Amino acid sequence: MDTSFFAILSRMKYITRWGLMRNTRPENLMEHSFETAVLTHALAVIGNTRFGRTYDVGQAVLLALYHDASEIFTGSMPTPVKYFNSTLRASYREAEQQALSRLLACLPDDLRPAYAAVSAPTEGHTSLLLLVKAADKLSALIKCMDEEKAGNTEFQKAAEAQLSFLQEMHLPEVDCFLKEFLPPFRLTLDEQE
(Lines give C-alpha, C1' and ligand atoms only; values in the text may rest on other atoms or scores of the structure.)
Protein backbone atom coordinates (compact mmCIF):
# COMPACT_ATOMS: atom_id res chain seq x y z
CA MET A 1 0.00 0.00 0.00
CA ASP A 2 1.35 3.41 -1.04
CA THR A 3 1.10 6.01 1.73
CA SER A 4 3.32 8.74 0.29
CA PHE A 5 0.48 11.25 -0.32
CA PHE A 6 1.48 13.67 2.44
CA ALA A 7 5.19 13.41 1.70
CA ILE A 8 4.50 14.21 -1.95
CA LEU A 9 2.12 17.02 -1.00
CA SER A 10 4.85 18.59 1.13
CA ARG A 11 6.92 18.95 -2.05
CA MET A 12 4.67 21.85 -3.09
CA LYS A 13 7.28 24.12 -1.53
CA TYR A 14 9.71 23.13 -4.31
CA ILE A 15 7.39 24.04 -7.20
CA THR A 16 8.20 27.55 -8.38
CA ARG A 17 5.54 29.74 -9.94
CA TRP A 18 5.90 32.52 -12.53
CA GLY A 19 8.60 30.60 -14.42
CA LEU A 20 8.74 32.93 -17.41
CA MET A 21 8.94 36.11 -15.34
CA ARG A 22 11.90 37.79 -13.66
CA ASN A 23 10.99 37.77 -9.97
CA THR A 24 12.43 39.89 -7.18
CA ARG A 25 11.29 37.12 -4.81
CA PRO A 26 10.35 33.62 -5.96
CA GLU A 27 6.92 32.29 -5.08
CA ASN A 28 6.30 28.59 -4.52
CA LEU A 29 3.15 26.54 -4.92
CA MET A 30 2.74 25.92 -1.19
CA GLU A 31 2.66 29.60 -0.28
CA HIS A 32 0.34 30.32 -3.21
CA SER A 33 -2.05 27.58 -2.09
CA PHE A 34 -2.06 28.93 1.46
CA GLU A 35 -2.70 32.49 0.27
CA THR A 36 -5.46 31.30 -2.06
CA ALA A 37 -7.09 29.46 0.86
CA VAL A 38 -6.90 32.58 3.07
CA LEU A 39 -8.37 34.72 0.29
CA THR A 40 -11.10 32.16 -0.44
CA HIS A 41 -12.00 32.20 3.24
CA ALA A 42 -12.19 36.00 3.14
CA LEU A 43 -14.42 36.02 0.06
CA ALA A 44 -16.75 33.38 1.53
CA VAL A 45 -17.04 35.25 4.84
CA ILE A 46 -17.65 38.56 3.04
CA GLY A 47 -20.28 36.88 0.88
CA ASN A 48 -22.07 35.29 3.83
CA THR A 49 -21.84 38.34 6.09
CA ARG A 50 -22.45 41.20 3.70
CA PHE A 51 -24.31 39.71 0.75
CA GLY A 52 -26.56 37.04 2.28
CA ARG A 53 -24.75 34.11 0.69
CA THR A 54 -24.73 30.65 2.24
CA TYR A 55 -21.26 29.48 1.28
CA ASP A 56 -19.84 26.46 3.09
CA VAL A 57 -16.74 28.33 4.24
CA GLY A 58 -14.82 25.23 5.40
CA GLN A 59 -15.43 23.40 2.14
CA ALA A 60 -14.38 26.47 0.15
CA VAL A 61 -11.09 26.69 2.07
CA LEU A 62 -10.38 22.99 1.51
CA LEU A 63 -11.01 23.32 -2.23
CA ALA A 64 -8.59 26.24 -2.30
CA LEU A 65 -5.88 24.39 -0.38
CA TYR A 66 -5.84 21.60 -2.95
CA HIS A 67 -6.74 23.61 -6.07
CA ASP A 68 -3.27 23.27 -7.64
CA ALA A 69 -2.23 19.92 -6.13
CA SER A 70 -1.71 18.39 -9.57
CA GLU A 71 1.14 20.85 -10.15
CA ILE A 72 3.31 18.76 -7.84
CA PHE A 73 3.73 16.46 -10.86
CA THR A 74 3.06 18.84 -13.76
CA GLY A 75 4.88 21.90 -12.47
CA SER A 76 3.36 25.34 -12.70
CA MET A 77 2.62 25.84 -16.37
CA PRO A 78 3.02 29.51 -17.39
CA THR A 79 -0.32 31.03 -18.41
CA PRO A 80 0.78 32.04 -21.93
CA VAL A 81 1.80 28.44 -22.58
CA LYS A 82 -1.21 26.83 -20.87
CA TYR A 83 -3.69 28.89 -22.90
CA PHE A 84 -1.70 29.10 -26.16
CA ASN A 85 -4.36 27.12 -28.04
CA SER A 86 -7.26 24.78 -27.34
CA THR A 87 -5.27 21.64 -28.15
CA LEU A 88 -2.53 22.50 -25.68
CA ARG A 89 -5.10 23.47 -23.03
CA ALA A 90 -6.95 20.15 -23.47
CA SER A 91 -3.67 18.24 -23.24
CA TYR A 92 -2.73 20.10 -20.08
CA ARG A 93 -6.15 19.35 -18.53
CA GLU A 94 -5.59 15.67 -19.28
CA ALA A 95 -2.13 15.85 -17.70
CA GLU A 96 -3.67 17.52 -14.62
CA GLN A 97 -6.21 14.71 -14.32
CA GLN A 98 -3.52 12.05 -14.62
CA ALA A 99 -1.39 13.87 -12.04
CA LEU A 100 -4.33 14.01 -9.60
CA SER A 101 -5.03 10.32 -10.14
CA ARG A 102 -1.38 9.58 -9.47
CA LEU A 103 -1.42 11.69 -6.30
CA LEU A 104 -4.65 10.16 -4.99
CA ALA A 105 -3.25 6.68 -5.64
CA CYS A 106 -0.73 7.48 -2.90
CA LEU A 107 -3.46 7.21 -0.27
CA PRO A 108 -5.00 4.14 1.31
CA ASP A 109 -8.33 3.20 -0.29
CA ASP A 110 -10.40 4.24 2.72
CA LEU A 111 -8.99 7.82 2.74
CA ARG A 112 -8.97 8.41 -1.01
CA PRO A 113 -12.62 9.56 -1.42
CA ALA A 114 -12.26 12.37 1.12
CA TYR A 115 -9.21 13.79 -0.69
CA ALA A 116 -10.67 13.23 -4.15
CA ALA A 117 -13.66 15.35 -3.11
CA VAL A 118 -11.45 18.38 -2.38
CA SER A 119 -8.68 17.97 -4.95
CA ALA A 120 -10.86 16.91 -7.88
CA PRO A 121 -14.39 18.13 -7.08
CA THR A 122 -17.02 17.02 -9.54
CA GLU A 123 -20.40 18.58 -8.92
CA GLY A 124 -22.20 20.68 -6.37
CA HIS A 125 -19.27 23.03 -5.85
CA THR A 126 -19.79 25.51 -8.68
CA SER A 127 -20.20 28.62 -6.52
CA LEU A 128 -17.31 27.59 -4.26
CA LEU A 129 -15.03 26.89 -7.22
CA LEU A 130 -15.86 30.35 -8.54
CA LEU A 131 -14.66 31.80 -5.22
CA VAL A 132 -11.48 29.73 -5.44
CA LYS A 133 -10.89 31.00 -8.98
CA ALA A 134 -11.36 34.57 -7.78
CA ALA A 135 -8.99 33.99 -4.85
CA ASP A 136 -6.45 32.40 -7.20
CA LYS A 137 -6.56 35.53 -9.36
CA LEU A 138 -6.37 37.77 -6.27
CA SER A 139 -3.28 35.89 -5.14
CA ALA A 140 -1.72 36.45 -8.57
CA LEU A 141 -2.66 40.14 -8.46
CA ILE A 142 -1.09 40.52 -5.02
CA LYS A 143 2.10 38.85 -6.30
CA CYS A 144 2.15 41.31 -9.20
CA MET A 145 1.65 44.23 -6.82
CA ASP A 146 4.50 42.99 -4.61
CA GLU A 147 6.78 42.82 -7.63
CA GLU A 148 5.77 46.29 -8.80
CA LYS A 149 6.35 47.66 -5.28
CA ALA A 150 9.87 46.23 -5.48
CA GLY A 151 10.46 48.16 -8.70
CA ASN A 152 9.92 45.22 -11.07
CA THR A 153 7.87 46.49 -14.02
CA GLU A 154 7.79 43.03 -15.63
CA PHE A 155 4.56 42.23 -13.78
CA GLN A 156 2.62 45.30 -14.92
CA LYS A 157 0.70 43.60 -17.77
CA ALA A 158 0.01 40.54 -15.61
CA ALA A 159 -1.41 42.81 -12.89
CA GLU A 160 -3.69 44.50 -15.42
CA ALA A 161 -4.90 41.12 -16.69
CA GLN A 162 -5.62 39.79 -13.19
CA LEU A 163 -7.49 42.94 -12.18
CA SER A 164 -9.53 42.93 -15.39
CA PHE A 165 -10.47 39.27 -14.89
CA LEU A 166 -11.56 39.94 -11.31
CA GLN A 167 -13.64 42.97 -12.26
CA GLU A 168 -15.33 41.05 -15.07
CA MET A 169 -16.43 38.34 -12.63
CA HIS A 170 -19.02 40.80 -11.25
CA LEU A 171 -19.03 39.10 -7.86
CA PRO A 172 -19.95 41.48 -5.02
CA GLU A 173 -17.56 39.66 -2.67
CA VAL A 174 -14.68 40.26 -5.06
CA ASP A 175 -15.66 43.87 -5.73
CA CYS A 176 -15.80 44.47 -1.98
CA PHE A 177 -12.34 42.94 -1.46
CA LEU A 178 -10.86 44.96 -4.33
CA LYS A 179 -12.26 48.21 -2.95
CA GLU A 180 -11.80 47.70 0.78
CA PHE A 181 -8.99 45.21 1.37
CA LEU A 182 -6.68 45.37 -1.67
CA PRO A 183 -5.38 48.98 -1.29
CA PRO A 184 -3.35 48.24 1.89
CA PHE A 185 -1.29 45.73 -0.12
CA ARG A 186 0.27 48.76 -1.85
CA LEU A 187 1.44 50.21 1.47
CA THR A 188 4.64 49.62 3.40
CA LEU A 189 4.41 47.96 6.82
CA ASP A 190 4.81 51.34 8.55
CA GLU A 191 2.00 52.80 6.44
CA GLN A 192 -0.31 49.89 7.28
CA GLU A 193 -0.19 50.57 11.01
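Refer to the structure above for everything that follows.
Computed from a predicted structure; not experimentally measured.

Novice: Account for the environment of Glu147, with residues named and values stated.
Specialist: Inspection of the secondary structure assignment puts Glu147 in helix H8 (residues 126-149). Since its relative accessible area comes to 1%, Glu147 is described here as buried. Spatially, the C-alpha atom of Glu147 lies 32 Å from that of Asn48, the residues being 99 residues apart in sequence. If near-sequence neighbours (up to four positions away) are discounted, Glu147 is found in contact with Arg22, Asn23, Thr24, Arg25, Asn152 and Phe155.

Novice: Explain the pattern of salt bridges to me, and be specific about the residues and the numbers.
Specialist: Inspection of the entire model under this criterion finds nine salt bridges. For Glu154, the salt bridge is made with Arg22, and the minimal N-O distance between the two is 3.9 Å. Highlighted residues: Glu154 in the loop between H8 and helix H9 (156-168) and Arg22 in the loop between helix H1 (5-9) and helix H2 (29-50), separated in sequence by 132 residues. Overall, Arg22 belongs to the partly exposed group, its relative accessible area being 49%. One network of salt bridges, with partners in common, ties together Arg17, Glu27 and Asp68.

Novice: Can you tell me about unusual backbone geometry, naming the residues and giving the values?
Specialist: A positive phi angle is found at Trp18, which is not glycine, with a value near 60 degrees. By the secondary structure assignment, Trp18 is in the loop between H1 and H2. At His170, a residue that is not glycine, the phi angle is positive and equals roughly 55 degrees. The residue His170 is located in the loop between H9 and helix H10 (172-181) in this model.

Novice: Got a sec to walk through the nonpolar core? Specific residues and values, please.
Specialist: Core analysis: the largest hydrophobic core is formed by 47 residues, its most contacted members being Phe5, Leu9, Leu43 and Leu166. Residue assignment for this core shows that the elements contributing at least two residues are H1, H2, helix H3 (57-65), helix H6 (86-104), H8, H9 and H10. Per-element tally for this core: the top contributor is H8, with eleven residues. Look past the residues within four positions of Phe5 in its chain and what remains in contact with it is Tyr66, Leu103, Leu104, Cys106, Leu107 and Tyr115.

Novice: Tell me what's going on with H3, and back it up with residues and numbers.
Specialist: Listed as buried for H3 are Gln59, Ala60, Leu63 and Ala64. Buried residues of H3, seen end-on, are gathered within an arc of 140 degrees and therefore sit on one face of the element. Each element contacted by the buried residues of H3 is listed here: H2, helix H7 (112-119) and H8. The N-capping residue of H3, defined by a side-chain oxygen 3.3 Å from the backbone nitrogen of Gly58, is Asp56.

Novice: So what's going on with the packing of aromatic side chains? Residues and values would help.
Specialist: Counting across every chain of the model gives six aromatic pairs. Their ring planes at 90 degrees and their centres at 5.0 Å tell us that Phe5 and Phe6 sit as a pair that is edge-to-face. We classify Phe5 as buried; its relative accessible area is 2%. Using a relative accessible area of 44% as the deciding quantity, one classes Phe6 as partly exposed. Taken together, a centroid distance of 6.0 Å and an interplanar angle of 80 degrees make the contact between Tyr66 and Tyr115 edge-to-face. Note that Tyr66 is positioned in the loop between H3 and helix H4 (71-74) and Tyr115 in helix H7, a separation of 49 residues in sequence. An aromatic cluster of three or more residues is present, and its members are Phe5, Phe6, Tyr66 and Tyr115. It is Lys137 that lies over the ring of Phe165; its NZ or CZ is 4.7 Å from the centre.

How each quantity is defined
Residues numbered from 1 in each chain as written. Predicted model: local features only at pLDDT ≥ 70, side-chain atom pairs only at ≥ 80, totals over all residues. Heavy atoms only, no water. Helix = DSSP H or I, 4+ residues; strand = E, 2+ residues; numbered from the N terminus. Buried < 20%, exposed > 50% of the residue type's maximum accessible area, 1.4 Å probe, protein only. Contact = heavy atoms within 4.5 Å. Salt bridge = Lys/Arg side-chain N within 4 Å of Asp/Glu carboxyl O. Core = buried A, V, L, I, M, F, W, Y, C linked by side-chain atoms within 4.5 Å. Arc of directions from axis to C-beta. Polar contact = N/O pair within 3.5 Å; in protein donor to acceptor, adjacent residues only side chain to side chain. Phe/Tyr/Trp six-rings, centres within 6.5 Å; stacked < 30°, edge-to-face > 60°. Lys NZ or Arg CZ within 6 Å of the ring centre and 35° of its normal.

It is worth stressing that arrangement in space is one thing and function is another; only the former is reported here.
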